[in-house]
Amino acid sequence: MRTRVKICGITRQQDADFAADSGADAIGLVFYPPSPRAISVAQAQNVTRGLAPFVSTVALFVNPSVADVSRCLDAVSVDIIQFHGDESPEFCSQFGKPYIKAIRMKPDTNLAQLSEAYGSAQALLLDAYQPGVPGGTGTTFDWSLIRQIEKPIILAGGLSADNVAEAIKQVRPFAVDVSGGVESEKGIKSHDKISAFMREVANA
Ligand SMILES: O=C(O)c1ccccc1NCC(=O)[C@H](O)[C@H](O)COP(=O)(O)O
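Note that the structure is predicted; figures quoted are calculated from it, not measured. (Residues numbered from 1 in each chain as written. Predicted model: local features only at pLDDT ≥ 70, side-chain atom pairs only at ≥ 80, totals over all residues.)

## Thoughts on the overall build of the protein chain
Moving on, step 1. When helices and strands are tallied, the protein chain shows 7 helices and 10 strands.
Moving on, step 2. Along the three orthogonal principal directions, the C-alpha set of the protein chain runs to about 40 × 40 × 30 Å.
Moving on, step 3. Residues classed as buried in the protein chain amount to 38% of the 204 residues present.
Moving on, step 4. Of all intrachain contacts in the protein chain linking residues separated by at least 6 positions in sequence, the fraction that spans at least 24 positions is 54%. (Helix = DSSP H or I, 4+ residues; strand = E, 2+ residues; numbered from the N terminus. Buried ≥ 20, exposed ≤ 12 C-beta atoms within 10 Å, placed from the backbone. Contact = placed C-beta atoms within 7 Å.)

See the structure below:
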């Protein structure tokens with residue numbers, strides 16, 4: 001099966017369009033103000049304006065309020081919500097949208113238990129754990145911690161054109177997620193790096 005790709009932390013319309021034209025299945029928009037990749041609802045409307053059909057827009061939050069999420073969903077065409085904090089399954093499932101739950105992997109993370117607890121999630125996104133940094137760390141984690149679960153796995157954390165083929169070979173995820181590995185600077189995507197990443201995924 002083809003490995004899907006989500007390119008996260010998009011802040012500019014030209015990067016969203018380039019990702020879509022390059023074959024990305026989803027783009028991620030970060031609604032977490034402390035992130036260097038954070039965008040406002042108004043910016044998100046611009047970024048997604050004219051996005052090609054069949055490319056999903058993922059809205060990412062870290063421990064948001066219900067009002068924060070609702071305000072975004074009312075204004076932006078969002079297909080999937082990604083919760084990247086300590087949100088409970090009940091919190092995540094209240095918005096009537098498919099959601100992805102991010103799990104920051106530690107040696108004692110029990111994926112089977114989490115997969116059951118977040119039974120309403122469409123997929124689990126497995127990311128690196130770094131104290132005090134909820135995501136977009138640019139670092140990999142020990143992929144041998146991953147156990148196969150019923151749910152689709154989205155592999156994230158420190159991926160780039162240099163390691164994504166090996167990651168796919170080892171983990172066989174449903175999808176891979178990349179942010180820092182396709183940037184020229186934080187929040188600005190490098191089109192050359194996106195092309196190289198997509199090539200490696202296609203050839204993996
Ligand atoms: O990207 C961020 O700045 C960010 C901040 C806070 C929470 C999540 C964030 N990103 C979430 C993602 O889905 C990233 O793509 C994922 O963490 C992988 O990032 P990277 O290691 O840079 O590829």
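## Re the sheet that holds strand E2 (residues 26-30)
Moving on, step 1. Taken in spatial order, the 8 strands of this closed barrel run E1-E2-E3-E4-E5-E6-E7-E8, and their pairing is parallel. Looking at each pair of strands side by side, their axes are set apart by 25° on average, direction ignored. (Pairing = 2+ DSSP bridges. Axes fitted to C-alpha atoms, helices over the stretch in contact; angles between N-to-C directions.)

## Some remarks on the site of the ligand
Moving on, step 1. Around the ligand, the surrounding shell holds 25 residues, and the nearest of these are Cys8, Gly135, Gly136, Ser179 and Gly180.
Moving on, step 2. Among the elements of the structure, E2 and strand E8 (175-178) are those that each provide at least two residues to the shell around the ligand. (Near = placed C-beta within 6 Å.)

## So, helix H7 (residues 191-203)
Moving on, step 1. Spanning 13 residues, H7 covers 18 Å between terminal C-alpha atoms, matching the ideal 18 Å at 1.5 Å per step.
Moving on, step 2. Within H7, burial applies to Ile194, Phe197, Met198, Glu200 and Val201. Viewed along the axis of H7, the buried residues span an arc of 160°, placing them on a single side of the element. Opposite the packed face of H7, turned more than 90 degrees from it, sit the exposed residues Asp192, Ala202 and Asn203.
Moving on, step 3. Buried residues along H7 sit in contact with strand E1 (4-7), helix H1 (13-21), helix H6 (164-171), E8 and strand E10 (188-189). (Expected span 1.5 Å × (residues − 1). Arc of directions from axis to C-beta.)

## Structural notes on the UniProt feature "domain: N-(5'phosphoribosyl) anthranilate isomerase (PRAI)" (unreviewed entry) in the protein chain
Moving on, step 1. Mapped onto this numbering, the UniProt entry gives "domain: N-(5'phosphoribosyl) anthranilate isomerase (PRAI)" (unreviewed entry) at residues 5-198.
Moving on, step 2. Within the segment residues 5-198, helix and strand shares are 28% and 22% respectively, and the terminal C-alpha atoms sit 8 Å apart. (UniProt positions renumbered as here; feature names shortened; annotations may be inferred.)

## Focus: the environment of isoleucine 81
Moving on, step 1. As for its position among the elements, isoleucine 81 is in strand E4 (residues 80-83).
Moving on, step 2. For isoleucine 81, the residues in contact, after removing those within four places along its chain, are Ala59, Phe61, Val69, Phe95, Lys97 and Tyr99.

## A closer look at the nonpolar core
Moving on, step 1. The biggest cluster of nonpolar side chains holds 51 residues, and the ones touching the most others in it are Ile7, Ile27, Leu29, Ala59 and Val176.
Moving on, step 2. When neighbours within four sequence positions are excluded, isoleucine 7 is seen to be in contact with Ala19, Ala24, Ile27, Gly28, Val178, Val182 and Ile194. (Core = buried A, V, L, I, M, F, W, Y, C linked by C-beta atoms within 7 Å.)

## Some points on unusual backbone geometry
Moving on, step 1. Positioned with a positive phi, phenylalanine 54 is a non-glycine residue whose angle comes to about 70°.
Moving on, step 2. If you trace the backbone, phenylalanine 54 turns up in the loop between helix H2 (41-48) and strand E3 (56-61).
Moving on, step 3. Residue phenylalanine 54 is classed as exposed on the basis of its 7 C-beta neighbours within 10 Å.
Moving on, step 4. With a phi angle near 45°, asparagine 63 is a residue other than glycine that sits in the positive phi range.
Moving on, step 5. Among the secondary structure elements, asparagine 63 is positioned in the loop between E3 and helix H3 (66-75).
Moving on, step 6. A residue is classified by how many C-beta atoms lie within 10 Å of it, and asparagine 63, with 13 of them, is partly exposed.

## Observations concerning the environment of serine 40
Moving on, step 1. Looking at where serine 40 falls in the secondary structure, it is placed in the loop between E2 and H2.
Moving on, step 2. Judged by local crowding, serine 40 falls into the exposed class, with 12 C-beta atoms found within 10 Å.

## Regarding the packing of H6 against H7
Moving on, step 1. Viewed as axis vectors pointing N to C, H6 and H7 meet at an angle of 30°, and their least axial separation amounts to 8 Å. The element H6 and its partner H7 pack so that their crossing is right-handed. Contacts between H6 and H7 involve Val164, Ala165 and Ile168 from the first element and Phe197, Glu200, Val201 and Asn203 from the second.
Moving on, step 2. Residue classes in the contact of H6 with H7 are distributed as 5 nonpolar, 1 polar and 1 charged. (Left-handed = near helix turned anticlockwise from the far one by under 90°. Nonpolar A, V, L, I, M, F, W, Y, C, P; charged D, E, K, R; others polar.)

## Considerations on the confidence of the model for the protein chain
Detailed reading of the predicted coordinates is not advisable wherever pLDDT is low.
Moving on, step 1. Overall, the predicted model of the protein chain reaches an average pLDDT of 96, with 100% of residues at or above 70.
Moving on, step 2. Here the complex is predicted with pTM 0.95, and the ipTM for its interfaces comes to 0.97. (pLDDT = per-residue confidence, 0-100.)

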